[in-house]
Amino acid sequence: GHVNGEAWGVNDHGVVVGDSGPTGSDPHAVVWSGLDAAPALLDDLVDGGCVDAAGRSHQLARAYAVNNDGIIAAMSRDYRNGQFVTTTFKLTPH
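The numbers attached to residues start from 1 for each chain and follow its sequence in the written order. With pLDDT at 70 or above as the cut-off, local features in this predicted model cover only qualifying residues; side-chain atom pairs require 80 or more to be listed or tallied, and sums for whole chains, interfaces and linings still use all residues. Side-chain numbers here rest on the full set of heavy atoms in the structure, without hydrogens or water.

Turning to the layout of surface pockets, a few remarks are in order. Buried and open spaces are told apart on a 1 Å grid over the protein atoms alone, a cavity being a set of points where a 1.4 Å probe fits but cannot get out and a pocket being an open set with protein on both sides within 12 Å along at least five of seven lines. Residues with an atom within 4 Å of a point are the lining residues. Grid points are joined across faces, edges and corners, and a volume is the space filled by probe spheres set on the points. As a volume, the largest pocket reaches approximately 320 Å³. Note on residue categories: nonpolar means Ala, Val, Leu, Ile, Met, Phe, Trp, Tyr, Cys or Pro, charged means Asp, Glu, Lys or Arg, and polar means any other residue, Gly included. Among the residues making up the lining of the largest pocket, the classes are represented as nine nonpolar, three polar and one charged. Approximately 280 Å³ is the volume found for the second largest pocket. Lining of the second largest pocket is provided by Asp-26, Pro-27, His-28, Gln-59, Leu-60, Ala-61, Arg-62, Met-75, Arg-77, Asp-78 and Phe-84. Only DSSP runs of H or I reaching four residues or more are called helices, and only runs of E reaching two or more are called strands; each is numbered from the N terminus. Breaking the lining of the second largest pocket down by element, the ones donating at least two residues are strand E7 (60-66) and strand E8 (72-80).

What follows is about the pattern of salt bridges. When a carboxyl oxygen of Asp or Glu lies within 4 Å of a side-chain nitrogen of Lys or Arg, that pair is called a salt bridge. Within the structure shown, the criterion is met by three salt bridges. Across the pair Glu-6 and Arg-62 runs a salt bridge whose closest N-O atoms are separated by 3.9 Å. Note that Glu-6 is positioned in strand E1 (residues 4-10) and Arg-62 in strand E7, a separation of 56 residues in sequence. Using a 1.4 Å probe on the protein chains alone, a residue whose accessible area is under 20% of its type maximum counts as buried, one over 50% counts as exposed, and one in between counts as partly exposed. Judged by relative accessible area, Glu-6 falls into the partly exposed class, the value being 39%.

This part covers the nonpolar core. If you look at the biggest cluster of nonpolar residues, it comprises 12 residues: Val-17, Ala-29, Val-31, Leu-42, Cys-50, Leu-60, Ala-63, Val-66, Ile-72, Ala-74, Phe-89 and Leu-91. When residues of this core are traced back to their parent elements, those giving at least two are strand E3 (28-32), E7, E8 and strand E9 (83-91). Take the buried residues of types Ala, Val, Leu, Ile, Met, Phe, Trp, Tyr and Cys, join any two whose side-chain atoms come within 4.5 Å, and each joined set is a nonpolar core.

Our next topic: the sheet that holds E1. Spatially, four strands are ordered E1-E2-E3-E4 in an open sheet, and the strand pairing comes out antiparallel. Each end of this open sheet is capped by a strand with a single partner; those strands are E1 and strand E4 (40-41). Note on pairing: DSSP must find at least two bridges between two strands before they are called paired.

Following this line, the structure appears as structure tokens:
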């Protein structure tokens, strides 16, 4: 289960975004749909997974903001070619 979590953004509808994960592991971007809601992994909510313009798959690490239309600003952090690479994503609900 998710032991550690941080909220980074909230909208007027009570939707909260941030990161969460088990102790000792990398965090994952999550969304809470209400005060009593369990965190839902954003990766599981993106149809076909999160893919950049070059066609690389990403695991979302943190969600920073959510607006009242449900659009979420999130980022992934991947290790490539001996260094960490951060990629940002705009997630739009449908």
